[in-house]
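Structural overview
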Amino acid sequence: MSLKALPEKDGDTSGCGDMADKLITIFGGSGFVGRHLVRTLASQGWRVRVAVRDIRKAHFLKPAGDLGQIALVPASISDPASIAAAVEGADAVISLVGILYESRKRTFETVHEKGAELVARAAMSAGVRRLVHVSALGANANSPSSYARSKAAGERAVATAFPSATIIRPSVVFGPEDGFFNRFGSIAQKLPVLPFFTDTIPHLPGGGGPKFQPVYVGDVAAAITAAVSDPHHLGKTYELVGPRVYDMRDIMQIVNRETMRNRAIVGLPYLAAEIPARIFGFIRTLVEKIPPVSLRAPFLTPDQVALLRLGNVASGTLPGLEAFGITPTAAEVVVPTYLKRFRPIQQTKRLRLQHRNG
Ligand SMILES: NC(=O)c1ccc[n+]([C@@H]2O[C@H](COP(=O)([O-])OP(=O)(O)OC[C@H]3O[C@@H](n4cnc5c(N)ncnc54)[C@H](OP(=O)(O)O)[C@@H]3O)[C@@H](O)[C@H]2O)c1
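Residues numbered from 1 in each chain as written. Predicted model: local features only at pLDDT ≥ 70, side-chain atom pairs only at ≥ 80, totals over all residues. Heavy atoms only, no water.

If you tally the helices and strands in the protein chain, you get 11 helices and 13 strands. A compact globule built from 358 residues would reach a C-alpha radius of gyration of about 21 Å, and the protein chain, at 21 Å, matches this within 12%. Along the first, second and third principal axes, the C-alpha set of the protein chain runs to 60 × 55 × 45 Å. Going through the 358 residues of the protein chain one by one, you find that 49% of them count as buried. A total of about 17,300 Å² of accessible surface is found on the protein chain, and carbon and sulfur atoms cover 57% of it. Charge-centre separation for the protein chain: the mean point of 43 positive side chains lies 10 Å from the mean point of 29 negative side chains. (Helix = DSSP H or I, 4+ residues; strand = E, 2+ residues; numbered from the N terminus. Rg over C-alpha atoms; globule rule 2.2 N^0.38 Å. Buried < 20%, exposed > 50% of the residue type's maximum accessible area, 1.4 Å probe, protein only. Areas by Shrake-Rupley, 256 points an atom, 1.4 Å probe, with all protein chains shown as cover. Lys, Arg positive; Asp, Glu negative; His and termini not counted. Charge placed at Lys NZ, Arg CZ, Asp CG, Glu CD.)

Following this line, the structure appears as structure tokens:
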């Protein structure tokens, strides 16, 4: 969706209402949410500076804006000098950096807490007026998941270093490059079943597994853009969720329908996820000690199983997309546009023929 620049409020000069020639620095701009956000900010007239570890991997962002509107600068979330250089002269900063699993080199604490704190401190020292920090729905200091605990610690660190920061907690984000529906689409393509995990007997009420409220990446990008543009959002925390709550069985039914695979949807106990996740996690820590070996992302870690089990729906106590004037987009509207790549080739061809013959 497109969102017009929001005006500053009378007497409040801490927002960035007039975007002409305003400079914004984004950390984590090369990721899934980042690529949509860079495009949205550029369309609103911001000059966008994307701070990345590897500039070559972020060149794809350049066409998202006019000539010279998007600049790539090298920065590491663990290097204060590079962060300071990246925020120098910026009117606003957005911190999107996040990881889904830990490795020998990067832990949740170093990325979600220390990294977020370094960005917030650097933004404060540089006199940046607006900071938006992207956390996650379910961030909680008492969570059984270390991902969720580290996100809560990051929020605290940011609020201490930059009290007027806006904290955004998105639910599971969906969109063409997501790691959620695409992952299940890929499973539907490769396996004869679509498994999900549940604490209850699958066919009893409530046996559809944990509940989720996925939010569209375009809505998240629009909300973050509004957050940096309007001082009304200073110092507030938002939970960004989609319009509908689904359990895992509902999600698998969407995947089945859109991939035209008609797989059997099978509820399994969590142990079926936990045991392999622990075994592969143990092997991974051993292999990681061999320096030249570079590992692919793990399929599921024990911490991700813990997170999955909790589900991910709005608490109902914090404002959401409506506070930005955004009507949440339903998964059913967008997911079909990209899950179709997992359809059997014959079905795709048949559809094309039907379409051509009217
Ligand atoms: N996607 C979701 O469903 C979802 C849900 C809730 C919250 N969030 C949060 O939203 C934010 C953006 O998510 P996303 O889906 O866009 O994530 P993503 O696609 O994995 O992108 C993460 C970004 O962080 C950067 N990054 C990771 N580790 C870094 C490090 N050590 N130093 C510097 N940069 C680093 C990555 O750069 P490289 O390319 O260099 O690795 C990438 O640009 C994250 O904070 C995430 O936790 C996402």
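Below, the discussion takes up the environment of L96. Tracing the chain through its elements places L96 in the loop between β4 (92–95) and α3 (108–125). Considered as a pair, L96 and K349 are 253 residues apart in the sequence and their alpha carbons are 39 Å apart. Residues in contact with L96, not counting those within four places in the same chain, are I26, F27, G28, G29, V33, G34, L37, V134 and I224. (Contact = heavy atoms within 4.5 Å.)

In this section: helix α1 (residues 32–43). A rise of 1.5 Å per residue sets the reference length of α1, with its 12 residues, at 16 Å; its end C-alpha atoms lie 18 Å apart and thus fit the reference within 8%. Most of α1 sits inside the fold, with 9 of its 12 residues counted as buried. Taken together, the buried positions of α1 are occupied by F32, V33, G34, H36, L37, V38, T40, L41 and A42. On its buried side, α1 packs onto β1 (23–27), β2 (47–52), β3 (70–74), β4, β7 (173–174) and α6 (217–229). Among the residues trailing α1, G45 stands out with phi positive, at a value near 100 degrees. (Expected span 1.5 Å × (residues − 1).)

Glancing now at unusual backbone geometry. One non-glycine residue, M260, lies in positive phi territory at about 55 degrees. Tracing the backbone through its elements, the reader meets M260 in the loop between α7 (248–259) and β13 (264–268). Relative accessible area serves as the criterion here: at 26%, M260 is assigned to the partly exposed category. We note that N262 has phi near 50 degrees; this positive angle belongs to a residue other than glycine. Its place among the elements puts N262 in the loop between α7 and β13. Assessed through its relative accessible area of 69%, N262 is described here as exposed.

Below, the discussion takes up the side chain of T25. Relative to the helices and strands, T25 resides in strand β1. We classify T25 as buried; its relative accessible area is 0%. Sequence-distant contacts of T25, that is, excluding residues within four places in its chain, are made with R49, A51, A86, V87, A90, A92, V93 and I94.

The next subject is the packing of helix α5 (residues 181–190) against helix α10 (residues 331–339). Taken N-terminus to C-terminus, the directions of α5 and α10 make an angle of 50 degrees; their axes are 11 Å apart at the nearest point. Relative to α10, the element α5 is oriented oblique. In this structure, the crossing between α5 and α10 has a hand that is right-handed. On α10, the residues that touch F181, N182 and G185 of α5 are A331, V335, Y338 and L339. A class-by-class count of the residues in the contact of α5 with α10 yields 5 nonpolar, 2 polar and no charged. (Axes fitted to C-alpha atoms, helices over the stretch in contact; angles between N-to-C directions. Parallel < 35°, antiparallel > 145°, perpendicular 65-115°, else oblique. Left-handed = near helix turned anticlockwise from the far one by under 90°. Nonpolar A, V, L, I, M, F, W, Y, C, P; charged D, E, K, R; others polar.)

What follows covers the environment of E288. Positionally, E288 belongs in the loop between α8 (271–287) and α9 (302–310). Every residue in contact with E288, bar those within four places of it in the chain, is listed here: S103, R104 and L295.

A word on the site of the ligand. Around the ligand, 22 residues are found, and the nearest of them are S30, F32, V33, R53 and V173. Contact distances for the ligand include 3.2 Å between an oxygen atom and a backbone N or O atom of G28. Expressed as a share of its isolated accessible area of 890 Å², the protein-covered part of the ligand is 78%. At the level of secondary structure, the elements contributing two or more residues to the shell around the ligand comprise α1 and α4 (146–161). Counted by class, the shell around the ligand contains 13 nonpolar, 6 polar and 3 charged residues. (Near = heavy atom within 4 Å. Polar contact = N/O pair within 3.5 Å; in protein donor to acceptor, adjacent residues only side chain to side chain.)

So, about the pattern of salt bridges. When their charged atoms lie close together, side chains carrying opposite charge are able to pair. Applying the stated rule across the entire model yields 11 salt bridges. One salt bridge connects E155 with R169, and the closest N-O pair in it is separated by 2.8 Å. Taken as a pair, E155 in helix α4 and R169 in strand β6 (residues 166–170) lie far apart in primary sequence, 14 residues in all. The exposure class of R169 is buried, given its relative accessible area of 15%. Put simply, E274 and R309 hold a salt bridge, and the shortest N to O gap is 3.0 Å. (Salt bridge = Lys/Arg side-chain N within 4 Å of Asp/Glu carboxyl O.)

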